[in-house]
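Fold and geometry: a report
Listed below are the residues making up each chain.
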Amino acid sequence: MGKPSRVNQTAVAGFLLLGLSERPEDQPLLFGIFLGMYLVTIMGNLLITLAISSDPHLHTPMYFFLANLSVADACFTSASIPKMLANIHTQNHTISYSGCLAQLYFLLMFGGLDNCILAVMAYDRYVAICQPLHFSTAMRPQLCALMLGICWVLTNCPALVHTLLLTRVAFCAHKAIPHFYCDPSALLKLACSDTRVNELMIITMGLMFLTAPLTLIILSYVHISWAVFGISSPGGRWKAFSTCGSHLTVVLLFYGSLMGVYLLPPSTHSAERESRAAILYTVIIPMLNPFIYSLRNRDMKKALGKLFGGGKIFFLP
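Bear in mind the structure is a predicted one, so any value in this text is a computation, not a measurement.

**Focus: the UniProt feature "transmembrane region" (unreviewed entry) in the protein chain**
- Here, the residues flagged by UniProt with the feature "transmembrane region" (unreviewed entry) are residues 31-51, 102-123, 143-161, 200-229, 241-265 and 277-295.
- In residues 143-161, the share of helix is 100% and the share of strand is 0%. The end C-alpha atoms are 27 Å apart.
- Annotation note: span residues 277-295, helix share 100%, strand share 0%, distance between end C-alpha atoms 25 Å.

**Some points on helix α1 (residues 27-54)**
- The end-to-end C-alpha distance of α1, which contains 28 residues, comes to 40 Å, matching closely the 40 Å that a straight helix rising 1.5 Å per residue would cover.
- Every buried residue of α1 is accounted for by Gln 27, Leu 30, Phe 34, Met 37, Tyr 38, Thr 41, Gly 44, Asn 45, Leu 47, Ile 48, Ala 51 and Ile 52.

**Observations regarding the pattern of salt bridges**
- Inspection of every chain in the model, using the stated rule, returns five salt bridges.
- Its salt-bridge partner being Arg 23, residue Glu 25 comes within 3.8 Å of it at the nearest N-O pair.
- When its relative accessible area of 54% is taken as the criterion, Glu 25 is described as exposed.
- In this structure, Asp 26 engages Arg 23 in a salt bridge whose closest nitrogen and oxygen atoms are separated by 2.8 Å.
- In this structure Asp 26 comes out as buried when scored by relative accessible area, which is 18%.
- Each of Arg 23, Glu 25 and Asp 26 takes part in a single network of salt bridges with overlapping partners.

**Considerations on the sheet that holds strand β5 (residues 176-177)**
- Taken together, the three strands give an open sheet; going across it, the order is β3-β2-β5, and neighbouring strands pair in mixed fashion. Where the open sheet ends on each side, the last strands, each with one partner, are β3 (94-96) and β5.

**Thoughts on the nonpolar core**
- In terms of nonpolar packing, the biggest core is built from 89 residues, with Phe 15, Phe 34, Leu 66, Leu 118, Ile 177, Leu 187 and Met 300 touching the most fellow members.
- No other element matches the 20 residues that helix α4 (residues 97-130) contributes to this core.
- Apart from the residues within four sequence positions on either side, Leu 118 is in contact with Leu 69, Ile 217, His 247, Val 250, Val 251, Phe 254, Tyr 255 and Tyr 293.

**Description of the packing of helix α6 (residues 141-166) against helix α8 (residues 196-229)**
- Direction vectors running N to C along α6 and α8 enclose 165 degrees, while the axes themselves pass 10 Å from each other. Our classification of the angle between α6 and α8 gives roughly antiparallel. Of the two possible hands of crossing, α6 and α8 adopt the one that is left-handed. Between α6, through Leu 154, Thr 155, Pro 158, Ala 159, Val 161, His 162, Leu 165 and Leu 166, and α8, the contact on the second element is made entirely by Val 197, Asn 198, Met 201, Ile 202, Met 205, Met 208 and Phe 209.
- Taken together, the residues of the contact of α6 with α8 break down into 12 nonpolar, three polar and no charged.

**What about the environment of Tyr 105?**
- By the element assignment, Tyr 105 lies in helix α4.
- By relative accessible area, Tyr 105 is classed as buried at 15%.
- Apart from the residues within four sequence positions on either side, Tyr 105 is in contact with Asn 156, Ala 159, Leu 160 and Thr 163.

**Comments concerning the state of the cysteines**
- Counted by the stated rule, this structure contains two disulfides.
- In this model, Cys 172 is linked to Cys 192 through a disulfide, with the two sulfur atoms separated by 1.6 Å. On the sign convention where negative means left-handed, the S-S torsion of about 115 degrees between Cys 172 and Cys 192 marks this disulfide as right-handed. Here Cys 172, found in strand β4 (residues 171-172), pairs with Cys 192, found in the loop between α7 (184-189) and α8; they are 20 residues apart in sequence, far enough to count as distant.
- Cysteines bonded in the protein chain are numbered consecutively along the chain; their disulfide partners then correspond to 1-3, 2-4.
- Cys 116 supplies the cysteine sulfur nearest to Cys 151, a cysteine that is in no disulfide, at a spacing of 4.5 Å.

**Notes on the environment of Val 228**
- When you line up the elements, Val 228 lands in helix α8.
- For the pair Val 228 and Cys 130, spaced 98 residues apart in sequence, the C-alpha separation works out to 8.4 Å.

Cut-offs used in this document
Residues numbered from 1 in each chain as written. Predicted model: local features only at pLDDT ≥ 70, side-chain atom pairs only at ≥ 80, totals over all residues. Heavy atoms only, no water. UniProt positions renumbered as here; feature names shortened; annotations may be inferred. Helix = DSSP H or I, 4+ residues; strand = E, 2+ residues; numbered from the N terminus. Expected span 1.5 Å × (residues − 1). Buried < 20%, exposed > 50% of the residue type's maximum accessible area, 1.4 Å probe, protein only. Salt bridge = Lys/Arg side-chain N within 4 Å of Asp/Glu carboxyl O. Pairing = 2+ DSSP bridges. Core = buried A, V, L, I, M, F, W, Y, C linked by side-chain atoms within 4.5 Å. Contact = heavy atoms within 4.5 Å. Axes fitted to C-alpha atoms, helices over the stretch in contact; angles between N-to-C directions. Parallel < 35°, antiparallel > 145°, perpendicular 65-115°, else oblique. Left-handed = near helix turned anticlockwise from the far one by under 90°. Nonpolar A, V, L, I, M, F, W, Y, C, P; charged D, E, K, R; others polar. Disulfide = S-S within 2.5 Å.

Here you go:
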């Protein structure tokens, strides 16, 4: 057998995104479902951001980070779903080489930003519950803005480096990606050149944006648990834990879906399984976050009510 045909990266016209199904009869249903979920995601996260920014009572560190998480969620979903919807609508499943790299960069950046903000939110809850007397100093506005800026830098730089490294990769003539977006691992499987540096970058980013934030979250909640169980009043314990419930739910959903794919043995991996898991953490969880943070949060419900002129909206009891 001859060697796989190679094409220089400058000659790559684009890639073929196979999507979730290649059957024509499935396309209208997929388009309707994902268009609906995308619109709910954008509207929900936009409402959360507007409600927090317009209500002075919510100008606290917890809601400051929540507003930025909503922005990151909306951008994370927007990096992949609009292109997927356009491909389904036009029945043209190609994506340009530059478009693929741009999509990859934004997915890595906003996905990493989600992880970092979730970790910072856990730290905020740790300070509020375990060190309440130092909260105003430890979480002052300038420090919160600095932590958010660090999150942006920490996510932007590796995402940019990884994207630039991909421009050095030569791809084989077969350029079909069994995914609905430009997944970095799937792209490297199409390479006909040395990808060891790229694979090392993926491992490094995994350690930075999965292991490190998750470790900080776990440590924060270990200390929170010790502090809460030390409260003698059951009502006090419930009040302390209730401020963490929404965040903890989002963390479990987000990291649970990621671990369901990336921590399983390679022999259990399949393109279909990875695509389904990707739907969970790129579409469903960003769509659910506004509901998780608002349905059981009295302050958020009041802010949303004020945003609509004091009227009630359909999900507010």
